[in-house]
Structure formats: C-alpha cells, structure tokens
Amino acid sequence: MAKSSYIEPAPIKDRENPFESMMSRFNEAANVIGLDNETYEVLKSPVKQVIVSLPVTMDNGKKRVFTGYRVIHSNILGPAKGGIRYAMDVTLDEVKALAAWMTWKCAVVDIPYGGGKGGVICDPRSMSVGELERLTRAYTAALVDVFGPDQDIPAPDIGTGPREMAWLMDEYSRAQGRTVSGVVTGKPIVLGGSLGRVEATGRGVMITAMSAMQKLKMNPLRSTCAVQGFGNVGSHAAILLEERGMRICAISDHTGAYYNERGIDIRAAIEYRTKNNGILEGFTGGDKIDNEALLELPVDVLVPAAVEDVITAKNAGNIKAKLIVEGANGPTSANADKILADNQIMVVPDILANAGGVTVSYFEWVQNRLGYKWSVERINRRADRIMTSAFDKAYHTAEQYKVSLRLAAYIVAIQKVAEAYRYRGGF
Ligand code: GLU
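Residues numbered from 1 in each chain as written. Predicted model: local features only at pLDDT ≥ 70, side-chain atom pairs only at ≥ 80, totals over all residues. Heavy atoms only, no water.

Engineer: What is the right way to read the side chain of Ser252 from this model?
Structural biologist: Here Ser252 is to be found in strand β7 (residues 247–253). If we ignore the near neighbours within four places in the chain, the residues touching Ser252 are Val227, Gln228, Gly229, Phe230, Ala257, Leu280, Asn291 and Leu294. (Helix = DSSP H or I, 4+ residues; strand = E, 2+ residues; numbered from the N terminus. Contact = heavy atoms within 4.5 Å.)

Engineer: Please clarify how unusual backbone geometry should be interpreted in this entry.
Structural biologist: Outside of glycine, negative phi angles account for most residues, and trans bonds account for most peptide bonds. Phi is positive for Asn277, close to 60°, though the residue is something other than glycine. As for its placement among the helices and strands, Asn277 is situated in the loop between α8 (266–275) and β9 (287–289). Under the relative-accessibility criterion, Asn277 is labelled exposed at 75%. A positive phi angle is found at Asp309, which is not glycine, with a value near 50°. Classification of Asp309 by relative accessible area gives buried; the value is 9%. (Buried < 20%, exposed > 50% of the residue type's maximum accessible area, 1.4 Å probe, protein only.)

Engineer: For this particular structure, what's the right way to read the environment of Gln415?
Structural biologist: Tracing the backbone through its elements, the reader meets Gln415 in helix α14 (residues 405–424). Looking at Gln415, the relative accessible area reads 34%, which means it is partly exposed. The spacing of Gln415 and Ile33 is 382 residues in sequence and 8.1 Å in space, taken between C-alpha atoms. Ignoring any residue separated from it by four or fewer positions in sequence, one finds Gln415 in contact with Ile33 and Tyr401.

Engineer: How do you make sense of the nonpolar core when you look at a structure like this?
Structural biologist: Side chains of nonpolar character tend, in soluble globular proteins, to be buried together. Met22, Trp104 and Ile251 are the most contacted members of the largest nonpolar core, which has 87 residues in total. In terms of residue count, the dominant contributor to this core is α14 (twelve residues). Among all residues touching Trp104, those that are not within four sequence positions of it are Met22, Phe26, Leu43, His73, Ile351, Tyr410, Ala413, Ile414 and Val417. Core analysis: the second largest hydrophobic core is formed by 28 residues, Val50, Val52, Val146 and Val183 among them. (Core = buried A, V, L, I, M, F, W, Y, C linked by side-chain atoms within 4.5 Å.)

Engineer: Would you mind going over the site of the ligand with me for this structure?
Structural biologist: Around the ligand there are 14 residues in total, and Lys81, Lys105, Pro156, Asp157 and Ser361 lie nearest to it. Here a nitrogen atom of the ligand sits 2.9 Å away from a polar atom, N or O, in the main chain of Pro156. Between the ligand and the protein, one listed contact pairs an oxygen atom with a side-chain N or O atom of Asn329 at 3.0 Å. Here the ligand, which alone exposes 290 Å², has 94% of that area covered by the protein. Counted by class, the shell around the ligand contains four nonpolar, five polar and five charged residues. (Near = heavy atom within 4 Å. Polar contact = N/O pair within 3.5 Å; in protein donor to acceptor, adjacent residues only side chain to side chain. Areas by Shrake-Rupley, 256 points an atom, 1.4 Å probe, with all protein chains shown as cover. Nonpolar A, V, L, I, M, F, W, Y, C, P; charged D, E, K, R; others polar.)

Engineer: When you look at the packing of aromatic side chains in this model, what are you seeing that I'm missing?
Structural biologist: The description of an aromatic ring pair uses the distance of the two centres, along with the angle that the planes make with each other. What the rule picks out here adds up to eleven aromatic pairs. Where Tyr272 meets Phe283, the ring centres are 5.7 Å apart and the plane angle is 55°; that geometry is what we call tilted. Taken as a pair, Tyr272 in helix α8 and Phe283 in the loop between α8 and β9 lie far apart in primary sequence, eleven residues in all. When the ring centre of Tyr395 is taken as origin, the NZ or CZ atom of Lys215, which lies over that ring, is 4.5 Å away. Note that Arg382 overlies the ring of Trp374, its terminal NZ or CZ placed 4.7 Å from the centroid. (Phe/Tyr/Trp six-rings, centres within 6.5 Å; stacked < 30°, edge-to-face > 60°. Lys NZ or Arg CZ within 6 Å of the ring centre and 35° of its normal.)

Here is the structure:
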C-alpha cells in the first residue's frame, strides 16, 4: 500500500549553500581568465527562475499543494538543458546551482545547450505511482510555456527516471496537440529514448576515471575503489569500473555503506537491490559501515555519486584516495578543494566527470529531431570520444594555467559561453 501522509521538508543538513559553492569556483575561474565585468554579470545571473504551486489529488482524495521550481541559468549556447529532481530538501538555491552547473557541463563537453534545472519538494518513495503521475503532469502543465525542444529540455535527476519523463512528454504533447518527443530526454526507449542513455552518466564516470588514472600512472587492474551512492550513476559506474578490472571495495545508498576489502560483487549487489525494493538494506556482500566512513576508506579511487556537499572542510583531510571522480553534482564543497589540492588528490570535477549523461541526452534529442535511431555501439563510441577529448582539454588547460582540473573545466566552459555571448550580445 502506498503511503501519502504529508512529511515536513527535512531541515537542510549541515551543508554549504550550493549556489555559493558554485559561485566561488566561477569567481575564481573568472579571475584567472580576467573575464570582463559585463560578461561576468550576465553569466552569474540565471535567465529565469520559476516557482510553481502544484495542487495534486492524493490517493486519500485530499489535495496537497507541492512546490516546484524550474531555473534556466543560461540559454546562450542553445536551449536550456537539465534534469528534474524530486526530493524533500530541494531549495531554490540548490536548483539555481544545479542549473548553472548544467551550463558549464554542456559547455565543457561542447554540446549546443545552455543550462537549466528543475525540482519539486516531495518524497517520491512515500508516494504511489498515481500520485507521482499526477504530480508530474501538474508540474509539466504549470511549465508548459517554459519547456520546449528549442527552449528548455528536461531530463531525469535524483528521484525521477524514464517513467516520469514519459508522463512529461505525454502531458506536454497533449498541450501542443501533437507528439513532441524532443521536449524531454531520458525517455523509455519505445517513446524515443536513446539506447545507452540509462548507463551514460556512469559510463562517462568510468571513461574519465580511466583517463585520469592513465595520467596518474595508476593501473586499474591493481586499483581499488569506493563508490558512494548506488542509484543510476553509482551502480553503472561501479559495474563499468569493475569490468575494467578495478576492485570495488565499498558501495552505499541512503540505508548505509557496505565494505569488503576483497571486492564487492557488483552484479550481485544490483540484483539484490532490484529484488529488495530498490535499496541495499540487508546486503550481505560486505560489512556494514557508516556512509561517512566510506569516504575515508584506504582505496585508490573514490566516486561520490550521491548528493551535494559530502566532501567538506571537515572530512577532506581524512580522504586517502589518490583520485576522486565526481559522479554526483556538487559533492565537494568549495572550501574542501584546497585541502584536497594540498594533499595532491586529483579531482575530476562533476561538470566533466558526470557529463556523459547530458551528452547522450543530446544524442537522444538529435535522434528525435531526425526521426531515426542509432545503435548503442554508435552512441557509446561517440560519447566516449566526447568525454575523452573533454578530459584532455581540461587537463591541458590545467597545465596551461597551473590550476586544478576543476578550475580548468570552469575556465574551458566560461571561455566558451563568454565567446558566444560576445557574438550574440544583449539589449
Ligand atoms: N540530471 C543529469 C545531470 O545532472 C542529466 C541532465 C540531462 O541529461 O539533461 O547531468
């Protein structure tokens, strides 16, 4: 039986303001390249911020009003692109940060999109399928003028997936009186979703991890890894890294972390999760440890693939991994960056490491516009090429400016958006 009792939003955890975290990196990169004031002012301000109230009939017959957001940070390089998050601790500041990260992410991998993000304050795990469908349709109806294949193209994020994207596509299409598959990506394959999209973010994490390990002269066959988060990103990253010969010693989800020095059988963990209501609770392939302890394990590579601000000034000094590959958006707070740099830990930043998802979203949108379907081999080959060259570009930029890979990725992105802005101009 699905529950639908109202739950107050959880208080924001001990976390930094994600928008400020994003801005401090943006400021630093803007300083390094001497970005002019006018462009700076334009790039720091989101183009559009929409807040909607969504009255939804719950299964008990009563209406509940949900709050939803959609922020378009930039549409300089093309239509806004970015996911929709369903979670209890969604805030406007978080959505603003995530929207800006999408702008930089799309620019880093050189796809013709701006950045956007959406969120609804809700607890999808406590809602029935019917309630989630009505909520998704209400959200789409409220934003029907914002979304569009040439305006703003949503996709999945935490708490949403192909099912929600199908409802969104259907609701938007009803309003237009025709099927508009290119309004959203991450759809089920039968509705114009792309082969390879589900695993694309995890695959990009694996590809950039391999590039970084090559630079650090680390042999995957002799390296260990801990993956925080076992959702779409973490589980696919884990299985692909394991396929490349790495030993995945720890995995986790919100129920806890599981550690096995000899390596966790990732396929078994995925199978367990699938049979166990989507959670790892009770998994016996490793010893149960704290989620925070996972980050400090003696492993070679750490993949935070859950939520924001898990690596902070408090725990950054305890991290033993030589390489961090950010599967999540914003897992490292700005003031942890320096500690990691001082300890010579290489960080493949979120806007590069997890850009594989939006890259294949772009392929999905292109296929929708062509009315054609590419093979998974073609998708993976093209996405891998884009991710590898984005890594190389960031790496060379880091050497050129003598900055971290994170700052280098921001520099690449800001330079591209700033150049496009100079051509397009304003009022
Ligand atoms: N939500 C994903 C991200 O943060 C995917 C966005 C997209 O495909 O548009 O990158």
